Amino acid sequence: MEDVVKFIFGIAGNVIALFLFLSPVPTFWRIIRRRSTEDFSGVPYNMTLLNCLLSAWYGLPFVSPNNMLVSTINGAGAAIEAVYVVIFLVFASSRRTRLRMAGLASAVAAVFAAVALVSMLALHTEKRKLLCGIAATVCSICMYGSPLSIMRLVVKTKSVEYMPFLLSLAVFLCGTSWFVYGLLGRDPFVAIPNGCGSFLGAVQLILYAIYRNSGASKQAGAGKQHSGGDDDDVEMASDVKGSNKVAHDVGGAGREDLMV
């Protein structure tokens, strides 16, 4: 019975995670349409690619038995992220951006290759699982922590404009599904990072509940006041531009990468 419940939570985690991986599609459709990456950052997609590669490797039977559901979704995620990285390379807004993306992609490939080769050639059984599990866990926790900047923005602006409810809910459900999956499988390398993800997802939902009406009230109040001058307008425009960039940067990996 425990195995059946574990399988159900694993399937649920796969479905929700796939939604998160595909959430940046509108952003990349815009990049393709405009043939430029504009001010979007490609760093989150490279980091998510590394996370997926390490997690997919960890879930393979010769590394971690009975974790194929971890490999399936992260394998799919790695393929999706690789497409995002290629699009970023093709439509990079400048030569400098393209070179930086190529360098990051090369670093991702090097790190993954190093972990895979060491685990296969120098380690066996439990030591192999330990190395791959630690690498995947550290990377996953970093990925789960990436929305912290957008949460800070929500508290600062008292607005949830840049933290969509459905994505926050998906983060919570995805983290919770994999957390339970890890507990039932008695696998700390699955349970720990996704427990962190479940907690951060819950915090996002709490922030949404607190500030969901504050943005509308603030805009209504601002509409009744006169402009404070050109300096205030420039400062506000700068803040909005910065907020949009943070939202796009966080919305890339911070949303889609959230699994082991």
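The structure presented is a predicted model; accordingly, all values stated were derived computationally and were not measured.

Novice: Explanation requested: empty space enclosed by the protein in the structure shown.
Specialist: Picture a little ball the size of a water molecule; that probe, rolled over the atoms, points out where space is still empty. Tallied over the entire structure, the rule returns 1 cavity of 30 Å³ or more. Taken as a whole, the largest cavity spans an internal volume of roughly 30 Å³. Along the walls of the largest cavity sit Ser41, Gly42, Val43, Phe88, Thr97, Arg100 and Met101, which together make up its complete lining. Per element, the largest residue contribution to the lining of the largest cavity is 3 residues, and it comes from helix α5 (residues 95–121). For the lining of the largest cavity, the residue count by class is 3 nonpolar, 3 polar and 1 charged.

Novice: Sorry if this is basic, but what is going on with the UniProt feature "transmembrane region" (unreviewed entry) in the protein here?
Specialist: Residues annotated in UniProt with the feature "transmembrane region" (unreviewed entry) correspond here to residues 6–31, 43–60, 72–92, 104–124, 130–150, 162–184 and 190–211. In the segment residues 43–60, helix accounts for 89% and strand for 0%; the C-alpha atoms at its two ends are 27 Å apart.

Novice: When you look at the packing of aromatic side chains in this model, what are you seeing that I'm missing?
Specialist: Aromatic ring pairs are defined here through the distance separating the ring centres and the angle between the ring planes. Inspection of every chain in the model, using the stated rule, returns 10 aromatic pairs. Taking the centre distance of 6.0 Å and the plane angle of 90° together, the rings of Trp57 and Phe112 count as edge-to-face. Note that Trp57 is positioned in helix α3 (residues 43–58) and Phe112 in helix α5, a separation of 55 residues in sequence. Assessed through its relative accessible area of 16%, Trp57 is described here as buried. Each ring, one from Trp178 and one from Tyr181, has its centre 5.1 Å from the other, and the planes form 75°; the classification is edge-to-face. Residue Trp178 and its partner Tyr181 are both found in helix α8 (residues 165–184); the two are separated by 3 residues, about one turn of the helix. Given a relative accessible area of 0%, Trp178 falls into the buried group. A cation sits over an aromatic face here: Lys6 above Tyr181, 5.0 Å from the ring centre.

Novice: Which parts of the structure should I look at to understand the nonpolar core?
Specialist: Burial of nonpolar side chains together is a common tendency in soluble globular proteins. Membership of the largest hydrophobic core comes to 41 residues, with the highest contact counts inside it found for Phe28, Ile31, Leu54, Tyr58, Phe88 and Trp178. Of all the secondary-structure elements, those providing two or more residues to this core are α1 (2–22), α2 (25–34), α3, α4 (68–90), α5, α6 (125–145), α8 and α9 (188–211). Examining the composition of this core, we find that 9 residues originate from one element, α4, more than from any other. Membership of the second largest hydrophobic core comes to 9 residues, among which are Met151, Leu153, Val160 and Met163.

Novice: Would you explain the confidence of the model for the protein in this entry?
Specialist: When pLDDT is low, close inspection of the predicted coordinates is not appropriate. Averaged over all residues, the pLDDT of the protein is 82; the fraction at 70 or higher stands at 82%. No element of the protein has a lower mean pLDDT than helix α11 (residues 230–256), which averages 45, and none a higher one than α4, which averages 94. The low-confidence segment residues 226–259 (pLDDT under 50) makes 74 contacts with residues lying over four places distant or belonging to another chain.

Novice: In this structure, what is going on with the environment of Phe165? I would like to understand it.
Specialist: For Phe165, the location among the structural elements is in helix α8. On a C-alpha basis, the gap between Phe165 and Gln204 in space is 8.6 Å, while along the polypeptide they are 39 residues apart. Setting aside residues no more than four positions away along its own chain, Phe165 makes contact with Leu205 and Tyr208.

Novice: What is the right way to read the packing of α2 against α4 from this model?
Specialist: Two quantities define a packed helix pair, namely the angle between the helix axes and the distance between the axes. At their nearest, the axes of α2 and α4 sit 10 Å apart, and the two run at 25° to each other. The orientation of α2 relative to α4 falls into the category roughly parallel. For the pair α2 and α4, the crossing hand works out as left-handed. Along its contact with α2, which presents Val25, Phe28, Ile31 and Ile32, the element α4 presents Tyr84, Ile87 and Phe88.

Novice: Explain α8 to me, please; I cannot follow it from the model alone.
Specialist: In an α-helix, one turn spans 3.6 residues, which is why side chains three or four residues apart end up on the same side. Here α8 is 20 residues long and its end C-alpha atoms lie 29 Å apart, about the 28 Å a rise of 1.5 Å per residue gives. The complete set of buried residues in α8 reads Leu167, Ser168, Ala170, Val171, Cys174, Gly175, Ser177, Trp178, Tyr181 and Gly182. The positive-phi residue at the C-terminal boundary of α8 is Arg186, with phi of around 50°.

Cut-offs and rules
- Residues numbered from 1 in each chain as written.
- Predicted model: local features only at pLDDT ≥ 70, side-chain atom pairs only at ≥ 80, totals over all residues.
- Heavy atoms only, no water.
- 1 Å grid on protein atoms, 1.4 Å probe; cavity = no way out; pocket = protein on both sides within 12 Å on 5 of 7 lines; lining within 4 Å.
- Points joined across faces, edges and corners; volume = space filled by probe spheres on them.
- Helix = DSSP H or I, 4+ residues; strand = E, 2+ residues; numbered from the N terminus.
- Nonpolar A, V, L, I, M, F, W, Y, C, P; charged D, E, K, R; others polar.
- UniProt positions renumbered as here; feature names shortened; annotations may be inferred.
- Phe/Tyr/Trp six-rings, centres within 6.5 Å; stacked < 30°, edge-to-face > 60°.
- Buried < 20%, exposed > 50% of the residue type's maximum accessible area, 1.4 Å probe, protein only.
- Lys NZ or Arg CZ within 6 Å of the ring centre and 35° of its normal.
- Core = buried A, V, L, I, M, F, W, Y, C linked by side-chain atoms within 4.5 Å.
- pLDDT = per-residue confidence, 0-100.
- Contact = heavy atoms within 4.5 Å.
- Axes fitted to C-alpha atoms, helices over the stretch in contact; angles between N-to-C directions.
- Parallel < 35°, antiparallel > 145°, perpendicular 65-115°, else oblique.
- Left-handed = near helix turned anticlockwise from the far one by under 90°.
- Expected span 1.5 Å × (residues − 1).

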